[in-house]
Structures are given as structure tokens and as C-alpha cells.
Amino acid sequence: MTLLHLDSSHSSDSITRRLTRLFADTWTAANGRAGYRYRNLAADPAAPLTAAYCALGRRVESHGLVPPEKVAALVEDPAEEREWALTLPLIEEVHAADTILLGVPMYNFSVPASLKAWIDRITFPGAYMEDVLRGTRAVVVTARGGAYGPGTPNEALDFQEPYLRAYFGRLGLSEDDVHFANAEMTLTDLVPHLARFKQMTADSLAAAREKVKALGATL
């Protein structure tokens, strides 16, 4: 069993980091640490895409579905070689994982730029075909300053969970393969006018912790 643990929060003591650590600790207690891999996308970000990445990607795409091990043969210059060297290790990490654990705070209704840069980097044209992750599981731990769940006034402003469900779904993960644990109303200790919702914060965080522990023990 292998677990790829990714954090994208820029806060070293964020709620998402605490919750993903709880999952990872629970998972490693059950499965050992040999299959555990950690990447801090805020401290060690994926490189932004360049023109060379795009040129290589389009060339690969023009050859149809090309597996990653054959992409190097299509590289034409040192800039493209560098881009592929930055990309292949990240793709290999994902392909090797049975479970991908993501810590995803909500930034401006969506995911952090650090996570989006990683997604853009690993989703290499041609080499990253649809259904490539079939059989993989994803656990997404989110934290939101407000309430965005079903039936809330801000439900339509959640571009975090729908985006990640669509992304992983396109790569072959079924609805049952993608698990979300959402901690909501996380700013009630900081924002005065939200203080009256502190019990909602505590209840949401407790539910997220229980779900994370249960998933870590069973996946």
C-alpha cells in the first residue's frame, strides 16, 4: 500500500495540515511508513509551466496516447529536456500511489495556486490520458472560512470540491473513490462578526476529524 500526501496550505499550522497529518498518522499506524511519501507544495512548489513545456506537450499529444517512458524520445532541445525532468518524477509519484491525500484550504472560493501548479505540471498532454488513475483513491481535506455545503447560501460559490471531483473523475476515479472531509466556518476565532458561529466551527471540525480518522484506518 502506498500513500502520497500533499499539503498546499501556506500556513505551517493550518487546519488542513493538522487534518492531513491525522490521516497520515492513522494510515501509517495501520500500513507502516515504507509506502508513505510526503510533498509540501507550498515550500517545494511545482515549477510553473513554460513555453517549452507546452511545445513538448503538443508534440506528444500529436502522437496520440504516449506513455511517460516514451516521452523523452520526443524531446527536441535542452529547454524541453528540463521541463520533462521537472515533470516525470511528479507523474511517477502519482502513478505509484494507491491513495492520494490532499490538504486543500479554500483560497478565494477555489484551490491554492500551489495545488493548481502541481495539477498543471502532472497533467501532461498525451502522457496523462483519461482513466489513467482508475483504481486509485483520493482523500481531499478542505478548510473553508465560511459554510459552502449543500443548502447553504454560499453553495454555488464552492469552486473547490466540484473542481477536484471533476478533475479526478476525468482521470478515472469514481465518485466512491474520491472522499472529502470538509472543515467549515474556520475563521470564527479570527473574524469578530463570525464569533456567534463558534459552535458550528467546533462541530464541523470534530466531524472532519472523525471522518479523517475513519478513512485513514480503512483505505
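All right, on to the environment of Val139 then. Counting through the fold element by element, Val139 comes out in strand 4 (residues 137–143). Taking the relative accessible area as the measure of exposure, Val139 reaches 0% and is therefore buried. Expressed as a C-alpha distance, the spacing of Val139 and Phe180, which sit 41 residues apart in the sequence, is 6.0 Å.

A full pass over the atoms with the stated rule returns 18 salt bridges. For Asp7, the salt bridge goes to Arg17, with nearest N and O atoms at 3.9 Å. Highlighted residues: Asp7 in strand 1 (residues 3–7) and Arg17 in helix 1 (residues 15–31), separated in sequence by ten residues. Given the relative accessible area of 12%, Arg17 is considered buried. Within this structure, Arg144, Asp158, Glu161, Arg165, Glu175 and Glu184 form a network of salt bridges that share partners.

Among the seven residues of strand 3 (residues 99–105), seven are classified as buried, and the element is accordingly described as predominantly covered. Of the two faces of strand 3, the one lined by Thr99, Leu101, Gly103 and Pro105 and the one lined by Ile100, Leu102 and Val104 are each fully buried. Strand direction decides the pairing type here: strand 1 and strand 3, joined by five bridges, are parallel. Of the residues in strand 3, the one forming a bridge with His5 is Leu101. The pairing of strand 3 with strand 4 spans seven bridges and is parallel. Opposite Thr99, over in strand 4, you have Arg137 as the bridge partner.

On to the sheet that holds strand 4, then. Taken together, the five strands give an open sheet; going across it, the order is 2-1-3-4-5, and neighbouring strands pair in parallel fashion. Only two strands of the sheet have a single partner each, and these edge strands are strand 2 (36–40) and strand 5 (178–183). Going across the sheet, the axis of each strand differs from the next one's by a mean of 15 degrees, ignoring polarity. With respect to the sheet, helix 3 (residues 78–96) is in contact with strand 1, strand 2 and strand 3, its orientation differing from that of strand 2 by roughly 135 degrees.

Helix 3 packs onto helix 2 (residues 51–62) with a crossing angle of 85 degrees between their chain directions and a minimal axis gap of 8 Å. As far as their axial angle goes, helix 3 and helix 2 are roughly perpendicular. Contact residues: helix 2 offers Ala52, Tyr53, Ala55, Leu56 and Arg59, while helix 3 offers Ala79, Glu80, Glu83, Trp84 and Thr87.

Summarising the sheet, strand 1 and strand 2 pair through five bridges and their orientation is parallel. When the sheet's bridge partners are listed, Leu3 is paired in strand 2 with Tyr36. One crossover worth recording links strand 1 to the parallel strand 2 by way of helix 1, and it is right-handed.

Further remarks concern helix 6 (residues 198–218). Taking 1.5 Å per residue, 21 residues should reach 30 Å; helix 6 reaches 31 Å between its end C-alpha atoms and fits that length. Looking only at helix 6, the buried set comprises Thr201, Ser204, Ala208, Val212, Leu215 and Gly216. Seen from one end, helix 6 has its buried residues packed into an arc of 100 degrees, which puts them on one side. Away from the buried face of helix 6 by more than 90 degrees, exposed residues Gln199, Glu210 and Thr218 are located. Looking at the buried residues of helix 6, the elements they touch are helix 1, strand 4 and strand 5.

Turning our attention to the side chain of Asp158. Among the structural elements, Asp158 can be located in the loop between strand 4 and helix 5 (161–170). The class for Asp158 is buried, based on a relative accessible area of 8%. For Asp158, the side chain forms a polar contact with the side chain of Arg144, separated by 3.1 Å.

Time to look at helix 1. If you check helix 1, its first and last C-alpha atoms are 24 Å apart, about what 17 residues at 1.5 Å a residue would give, namely 24 Å. Turning to helix 1, its buried residues are Ile15, Thr16, Arg17, Leu19, Thr20, Leu22, Phe23, Ala24, Thr26, Trp27 and Thr28. Taken together, the buried residues of helix 1 touch strand 1, strand 2, strand 3, strand 4, strand 5 and helix 6. Immediately beyond the C-terminal end of helix 1, within one or two residues, lies Gly32, with a positive phi of roughly 85 degrees.

What counts and how
Residues numbered from 1 in each chain as written. Predicted model: local features only at pLDDT ≥ 70, side-chain atom pairs only at ≥ 80, totals over all residues. Heavy atoms only, no water. Helix = DSSP H or I, 4+ residues; strand = E, 2+ residues; numbered from the N terminus. Buried < 20%, exposed > 50% of the residue type's maximum accessible area, 1.4 Å probe, protein only. Salt bridge = Lys/Arg side-chain N within 4 Å of Asp/Glu carboxyl O. Pairing = 2+ DSSP bridges. Axes fitted to C-alpha atoms, helices over the stretch in contact; angles between N-to-C directions. Contact = heavy atoms within 4.5 Å. Parallel < 35°, antiparallel > 145°, perpendicular 65-115°, else oblique. Right-handed = clockwise from strand over helix to strand, strands pointing away. Expected span 1.5 Å × (residues − 1). Arc of directions from axis to C-beta. Polar contact = N/O pair within 3.5 Å; in protein donor to acceptor, adjacent residues only side chain to side chain.

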